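Structural description and commentary
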Amino acid sequence: MDIDRRFAFDYNKMPDDSMTIEEIAALVRPNVLKLSPYSSARDEFKGEAHIFLDANENPFDSGLNRYPDPHQTILKGLLAPRKGVASESIFLGNGSDEAIDLLIRTFCIPGKNEILITPPTYGMYKVSADINDVKIVECSLTESFELDAEQLLKKVGSNTRIIFLCSPNNPSGNLLSNKQLELVLTGFQGIVVIDEAYIDFAGRPSWISRLKEFPNLVVLQTLSKAWGLANLRVGMAFAHPFIVGLLNKMKPPYNINGVSQRLAAEALESDDKLSDIVKVIIHERSLLSAELQLLPNVVKVYPSDANFLLVKMKAAHSVYSALLAKGVVVRDRSNVRLCDDCLRITVGTSSENKELLSTLRTL
Ligand SMILES: *Cc1c(COP(=O)(O)O)cnc(C)c1O
């Protein structure tokens, strides 16, 4: 097998029991491994020129008449130092949801391979697996929403290709323990995805810093939450360049449009605003949590490392409907495993949170 080692990590740093790239390559769907990707006009010509007649674009300048950079070079160049990885370890998707779908399509043969998920968790892992006809095996988190690596690893079978873990977890809001995550990373001979959509609200560093130890690790992040850019649809996957190369081969050539690339780059260049906004949201989270706990219809507010709170109510569904009738919409999670009678409430602005609280007091 021809594996590109130009960007290979320093193998001396890897623990002896970490997977090799050859072992990871053996998990890739054979059709994907041998796929030759679409080659765009901009892939085939990269030099200097002043007349571009190679891409069937409209020649009249509208500011948007040229195709965007399919490799998102500028954006990756801004992200790489900030995240402490090489550009070759960054995949950018049309939201992290695109990365979830591509990972499943890269590693799972429909009708044969399976993924492992840990309910209650983010819904897209299951939806993407269902779309791709990939079987889902579930292993619930504990009552306190912690990961039980030993139980999880017992569910791994010869067809398990990916374990999706979400930390901080949606909808419970808590970080999963580093120890349990490490047990999964070392104990599973397959791809471990740690979805860190909410990591900027948590007081713990990202798993990106540990990519070098675990070539089977994929870390997902997004500009949709802390960065306040959900509308742009820019998600990130950080992984060994071999895995990033596979995702790049599979993606539609122009998956991130040029406007999104430009606006995302501008946001990254003026990122001083980010930490202020995140601090405000974290502060509001603690105020909201404390106030909610005083309400008679609240049974429990779960601790949160994210920008939302999972709240156990006396009668979640009727509270949900009563709030809705007053124009306040929260997420009813009461049908989700381990979340009986729970609402998931996003932390809003100070005035939004106050209005939510005053509405709840009238119920
Ligand atoms: C919101 C969310 C995402 C989606 O991110 P996009 O980049 O907007 O697609 C991914 N994972 C989790 C856990 C989320 O809650």
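Residues numbered from 1 in each chain as written. Predicted model: local features only at pLDDT ≥ 70, side-chain atom pairs only at ≥ 80, totals over all residues. Heavy atoms only, no water.

Overview of a nonpolar patch on the surface
For the record, the criterion: Patch membership requires over 30% relative accessible area and the absence of a salt bridge. Like charges are linked within 9 Å, and nonpolar side chains (Val, Leu, Ile, Met, Phe, Trp, Tyr) within 5 Å. In this description, accessible areas are obtained by the Shrake-Rupley approach with a 1.4 Å probe, and a residue is regarded as covered only by the protein chains that are shown. One side-chain nitrogen of Lys or Arg within 4 Å of one carboxyl oxygen of Asp or Glu is enough to make a salt bridge. Strands here mean DSSP runs of E at least two residues long; helices mean DSSP runs of H or I at least four residues long; both are numbered from the N terminus.
Judged by side-chain polarity, Leu64, Val259 and Leu263 come together as a nonpolar surface patch covering roughly 250 Å² of accessible area. In this structure, Leu263 sits in helix H10 (residues 258–269).

Thoughts on the packing of helix H5 (residues 96–107) against helix H6 (residues 124–131)
Filter applied, for reference: Here an angle of 0 to 180 degrees is reported between the N-to-C directions of two axes, which are lines fitted to C-alpha atoms, with helices fitted over the stretch in contact. Between 65 and 115 degrees an angle is taken as roughly perpendicular, under 35 as roughly parallel, over 145 as roughly antiparallel, and anywhere else as oblique. Crossing handedness is defined as follows: a turn of the near helix away from the far one that is anticlockwise and smaller than a right angle gives a left-handed crossing, while the clockwise case is right-handed. Whether two residues are in contact is decided by their heavy atoms, any of which lying within 4.5 Å being enough. When residues are sorted by character, Ala, Val, Leu, Ile, Met, Phe, Trp, Tyr, Cys and Pro go into the nonpolar class, Asp, Glu, Lys and Arg into the charged class, and all the rest, Gly among them, into the polar class.
Their axes nearest at 9 Å, the elements H5 and H6 cross at an angle of 45°. Comparing the axis directions of H5 and H6 gives the class oblique. Seen from above, H5 lies across H6 with right-handed handedness. Residues Asp97, Ile100, Asp101 and Ile104 of H5 lie in contact with H6, whose contacting residues are Met124, Tyr125, Ser128 and Ala129. Taken together, the residues of the contact of H5 with H6 sort by class into 5 nonpolar, 1 polar and 2 charged.

Regarding the pairing of strand S7 (residues 235–238)
The following threshold applies: Whether a residue is buried, partly exposed or exposed follows from its accessible area with a 1.4 Å probe, protein chains only, as a fraction of its type maximum: under 20%, in between, or over 50%, in that order. Note on pairing: DSSP must find at least two bridges between two strands before they are called paired.
Of the two faces of S7, the one holding Gly235 and Ala237 and the one holding Met236 and Phe238 are both buried throughout. For strand S1 (residues 90–93) and S7, the ladder comprises 4 bridges, and the chain directions are antiparallel. When the sheet's bridge partners are listed, Gly93 is paired in S7 with Gly235. Where strand S6 (residues 217–222) and S7 come together, 4 bridges link them in antiparallel fashion. Residue pairing across strands places Leu220 opposite Ala237, the latter belonging to S7.

As for the confidence of the model for the protein
The test is simple: Known as pLDDT, the predictor's per-residue confidence is scaled from 0 to 100.
Averaged over the protein, the pLDDT score is 94; the fraction of residues at 70 or greater is 96%. Taken as a whole, residues 1–9 scores under 50 in pLDDT and shows 17 contacts with residues more than four places along the chain or in a different chain.

Observations regarding unusual backbone geometry
With an omega of -5°, the peptide bond between Pro119 and Pro120 qualifies as cis. In this structure, Pro120 sits in the loop between strand S2 (114–117) and H6. The phi angle at Asn56 is positive, at roughly 55°, despite the residue not being glycine. Following the sequence through the fold, Asn56 ends up in the loop between helix H3 (41–44) and helix H4 (73–83). Although it is not a glycine, Arg233 adopts a positive phi angle of roughly 60°. When you line up the elements, Arg233 lands in the loop between S6 and S7. What makes Arg233 partly exposed here is its relative accessible area of 31%.

Description of the site of the ligand
As a reminder, the rule being used: By convention in these notes, a residue is near a molecule or strand provided one of its non-hydrogen atoms lies within 4 Å of it. Think of a polar contact as two N or O atoms within 3.5 Å of one another; within protein, one of them needs to be a possible hydrogen donor and the other a possible acceptor, and neighboring residues in sequence only count if both atoms come from side chains.
Taken together, 13 residues lie near the ligand, and Asp195, Tyr198, Thr222, Ser224 and Lys225 sit nearest. Between the ligand and the protein, one listed contact pairs an oxygen atom with a side-chain N or O atom of Asn170 at 2.9 Å. With respect to the ligand, the side chain of Asp195 contributes an N or O atom lying 2.6 Å from a nitrogen atom. Within the complex, 94% of the 390 Å² of free accessible area of the ligand lies under protein.

What about the nonpolar core?
Rules: We call a set of buried residues a nonpolar core when its members are Ala, Val, Leu, Ile, Met, Phe, Trp, Tyr or Cys and they connect through side-chain atoms within 4.5 Å of each other.
Ranked by size, the top nonpolar core spans 74 residues in total, and within it Leu165 and Leu292 carry the most contacts. Not counting the four nearest positions on each side in its chain, Leu292 is found in contact with Val298, Val301, Leu309, Val311, Leu357 and Leu360. Of all hydrophobic cores here, the second largest spans 36 residues; its members include Phe107, Ile117, Ile162 and Met250.

Focus: the side chain of Glu284
The criterion, for reference: A residue counts as positive if it is Lys or Arg and as negative if it is Asp or Glu; His and the chain ends are not included.
With respect to the element layout, Glu284 can be found in helix H11 (residues 272–293). One buried charged residue, Glu284, forms no salt bridge at all, with the nearest opposite charge on Lys354 at 6.3 Å. Apart from the residues within four sequence positions on either side, Glu284 is in contact with Val347, Gly348, Thr349, Ser350 and Asn353.

Looking at helix H8 (residues 178–187)
The following threshold applies: Directions pointing from the helix axis toward each C-beta atom define the arc.
Restricting attention to buried positions, one finds in H8 the residues Gln180, Leu181, Val184 and Leu185. Projected down its long axis, H8 carries its buried residues within an arc of 140°, all on one side. Close packing links the buried residues of H8 with helix H7 (149–154), strand S4 (160–166), strand S5 (191–195) and S6.

Focus on the packing of H5 against helix H9 (residues 241–250)
The packing of two helices is summarised by the inter-axis angle and the distance between the axes. Look at H5 against H9: their axes get within 10 Å of each other, and the N-to-C directions meet at 100°. The angle between H5 and H9 falls in the class roughly perpendicular. Counted together, Leu102, Leu103, Arg105, Thr106 and Phe107 of H5 and Ile243, Leu246, Leu247 and Met250 of H9 form the full contact between these two elements. Class assignment for the residues of the contact of H5 with H9 results in 7 nonpolar, 1 polar and 1 charged.

Focus: the sheet that holds strand S10 (residues 331–332)
Taken in spatial order, the 4 strands of this open sheet run S8-S9-S11-S10, and their pairing is antiparallel. The strands lining the two open edges of the sheet, one partner per strand, are strand S8 (298–301) and S10. One ladder, built from 5 bridges, connects strand S9 (residues 308–313) with strand S11 (residues 342–346); its direction is antiparallel. Bridging across to S11, Leu310 finds its partner in Arg344. Sheet contacts for helix H12 (residues 316–325): S9, S10 and S11; angle to S11, the most-contacted strand, approximately 40°.

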